[in-house]
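Topology and contacts: notes
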Amino acid sequence: MAAEVDPQNVTYPFAGLDEWELAKWLSTTGQKLTTIIQDNVPVWTGKWITLPEAPLDRQLLLYRNPVECLEWLEANPDFSGDKDYVPYKEYLNKDHTDRCYSEMASGEFWNDTQAKFPEDITINPYLLTTDSTHLTKFSGDKKVKLLLIASGHMRKKIRAKPSSRAWLPCGMLPEGKFSKLEFKSPAEAKLLPGILARRLYHLCMRYILQPLILYTTIPKEMVDSEGLLGGSNTCKSQSGSDILSDIHSIRRKFPDAETWKFAMEAKNIGLNGVEEPWWINFPETDICKAVCPDVLHGLHKAFKDHCATWNTNIVSKLELDARFRRLPKWPGFRHFTSGACKGKKGTINHFNIPKLHTRWHYPEFIRHFGATDNFSTETPEHYHIEYAKKAYKGVSKRDYAEQMVWWLDQQEKVKYFDRYLTWRLTPSIQEPIQNDEACSPDEQALLDQVPLPITVYEAKLAKKPKYAKQNIRNIAEKFMISYEALVSALKEYEDLGTHVSGPGWHMTRTDQLPEYYNWLDIWTLIRITLPILDDIHDQIEKQILRAVLQLNPILEYLIWNPRLSRVSVQLDKTKSNAHPKHLAYVEWFHLNPIDQDTNMFSVKKLYDDKGNRKGGIIEVEDIVQPCPLSPKFGQKAANLDPIGIQITGENCIENVETFWINSFHTKSTYQTVF
């Protein structure tokens, strides 16, 4: 039974935290939640849709009011401080000649559109995404097509986190199965269901998005995350009249054409056969600009479908697989031990490929809407798990769509009520509200720096070592390091009294190491925070560097330290009897000039007079990031193999002499090494 209304009880309608925790547990374990949370989460509605071409096939549309969804996202306190309400322009220099595009508010679209409205009104450039996902794993053909909505006010780092729930499910569209439809010809039986499915999609979208039409011209007041009431408006851009004009011209030319005839005529001029697209009631929307190119499908998939296939055809599957097998293994990345070429060999005689052509339009969309991760489908793809697959798993398989909506509604109420309690019961520090138009100190620092500085973070180690109290000889044997080289590096470190030792330094060696080197604690992994160039826009990423026994793991990583590549290094000549800081032993490479053809650096192993690898001691705090190495192949991958040795991912670093620094490995290496 619900508790009585009590202004002091923040857990209402529950009597207290204990009762709420029990209710939350029941809901997450599949039990029925008897206490209903009265919340203003947007309500789901159902509607049966019937196409005139298929009157016997009813389709169930489940949806929520998109305006209420935007209001809910706008008022969510979780997003407080991570929104932009005013457009702006960013530059990388003081002369304002080098433009930077990051958040959606920095794009031309928001800046140009906002200029059409009074200063007390801000536009709300909402984002929509739809995609189908399978619900059944091994058998059956059950699918669901989710429509997700997000607000462009939220910054892209928030929209990119699935755990933030910045994308809200706004509709569950029917897949469009027409089992009772009769066809006049085999061609109709093959193509007409797809045409009707597209028409059904646009009809459902018109129903769902109908409430937004009113606010294309009339402002809508919304409460923001801080509880303040403000004005908001939807996007207002140019018109998509060209496509509508072509559709109307077909209908005028063939006034009595049935769906099949109309679709065939539309196909001849590059249209998909839909006579009334969902955006027909949004005359100020240019659909050609609203549908953005997608990095996930437009670039990654284009590379896989075309560029990778062309390279495979050029060098052959056997040769490409041989090279993949010889690449060094890298923590967190898949290694293709059996090769990666499993696709069929394809042949084309033209380059008229839409995915390749789309790349010319990316600059236009970046200028309009900011960086490409503002309109990437990578995060919405993950929501298929949260909003579809988990929901399907939590309900019975009969009339699953209606039950999935009920399950989503219950989970949302529980989740947001739990966040509300966390917010109410956690003390907060009130900060003064800054003027949105003012430039923050961080932003001013960004504008004043050319080039942007690299921010370096301290490395983290476990509290306890992997191996305690090891002598130097045991360490050399465990990690297959030359004992003489390790001792020499330690002596060199002590002589210099600085952060680095290595080739090019000439000094007098001490005869004996200090006593604190007799027994050493050994850590086999460290956690580092990768350097970032842009403190304002880049997200912090962490990576673990591991050392593996019997593999000479030091060779897996080339330490790239921008601070050590400058003109001079300050040397500390002072001596101390205190135990030194955490140290790391590295083996050195010779860095060659950048290759003009590949824009990549190459490195070669360094050896001493006795044929041992040259090594040195650095302090752990000097480790900035790892640089992945790829072997320099000749014409054939087999030419890389020494006599009697087959190069694999396990022994590549040990047996290959020259490497490329793979600056294209991750975003971090591309920004700092390229």
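Scroll up to find the structure.
Definitions and limits used
Residues numbered from 1 in each chain as written. Predicted model: local features only at pLDDT ≥ 70, side-chain atom pairs only at ≥ 80, totals over all residues. Heavy atoms only, no water. Bend = angle between axes of the 7 residues up to and from the residue. Helix = DSSP H or I, 4+ residues; strand = E, 2+ residues; numbered from the N terminus. Buried < 20%, exposed > 50% of the residue type's maximum accessible area, 1.4 Å probe, protein only. Contact = heavy atoms within 4.5 Å. Pairing = 2+ DSSP bridges. Phe/Tyr/Trp six-rings, centres within 6.5 Å; stacked < 30°, edge-to-face > 60°. Lys NZ or Arg CZ within 6 Å of the ring centre and 35° of its normal. Axes fitted to C-alpha atoms, helices over the stretch in contact; angles between N-to-C directions. Parallel < 35°, antiparallel > 145°, perpendicular 65-115°, else oblique.

Turning our eyes to something else, we now look at helix 9 (residues 295–315). Of all the bends in helix 9, the greatest, near 40°, is centred on Phe303. All of the buried residues along helix 9 are Val295, Gly298, Ala302, His306, Thr309 and Thr312. Contacts made by the buried residues of helix 9 are with helix 10 (317–326), helix 11 (354–358) and helix 12 (362–369). Positive phi appears at Ser316, one or two residues downstream of helix 9, with a value of about 85°.

Below, the discussion takes up the pairing of strand 19 (residues 615–619). Buried residues dominate strand 19, accounting for 5 of its 5 residues. Residues Gly615, Ile617 and Glu619 point to one face of strand 19 and Gly616 and Ile618 to the other, with burial holding for every one of them. Of the strand pairs in this sheet, strand 16 (residues 583–587) and strand 19 are connected by 5 bridges, and their pairing is antiparallel. Residue pairing for strand 19: Leu583 is matched across the bridge by Glu619.

Time to look at unusual backbone geometry. The backbone of Ser316 shows a phi angle near 85°, a positive value even though the residue is not glycine. Tracing the backbone through its elements, the reader meets Ser316 in the loop between helix 9 and helix 10. Looking at Ser316, the relative accessible area reads 34%, which means it is partly exposed. For Asn599, which is not glycine, the phi dihedral falls at a positive 55°. Of note, Asn599 is situated in the loop between strand 17 (589–591) and strand 18 (602–605). Note on Asn599: relative accessible area 34%, which makes it partly exposed.

In this section: the packing of aromatic side chains. Summed over all chains, the structure comprises 10 aromatic pairs. A centroid spacing of 5.5 Å and a plane angle of 65° characterise the contact between Phe324 and Phe336, whose relative ring orientation is edge-to-face. Placement of the pair is Phe324 in helix 10 and Phe336 in the loop between helix 10 and helix 11, with a sequence separation of 12 residues. For Phe336, a relative accessible area of 25% puts it in the partly exposed group. Ring geometry for Tyr383 versus Tyr387: centroids 5.0 Å apart, planes at 15°, classification stacked. Of this pair, Tyr383 and Tyr387 are both found in helix 13 (residues 378–393), 4 residues apart, which corresponds to roughly one turn of the helix. By the burial criterion, Tyr383 is buried, and Tyr387 matches it. The rings of Phe109, Phe365, Phe369 and Phe375 are connected pair by pair, giving a single aromatic cluster. The aromatic ring of Tyr483 is capped on one face by Arg473, whose charged end is 3.9 Å from the ring centroid.

Another point: the packing of helix 5 (residues 186–209) against helix 7 (residues 259–268). Two elements in contact, helix 5 and helix 7, have axes whose closest approach is 10 Å; the angle formed by their N-to-C orientations is 85°. One element, helix 5, and the other, helix 7, form an angle in the roughly perpendicular class. Seen from helix 5, the contacting residues are Ala187, Glu188, Leu191, Leu192, Ile195, Leu196 and Arg199; seen from helix 7, they are Thr259, Trp260, Phe262, Ala263 and Met264.

Everything listed is a geometric property; what it means functionally is a separate question.
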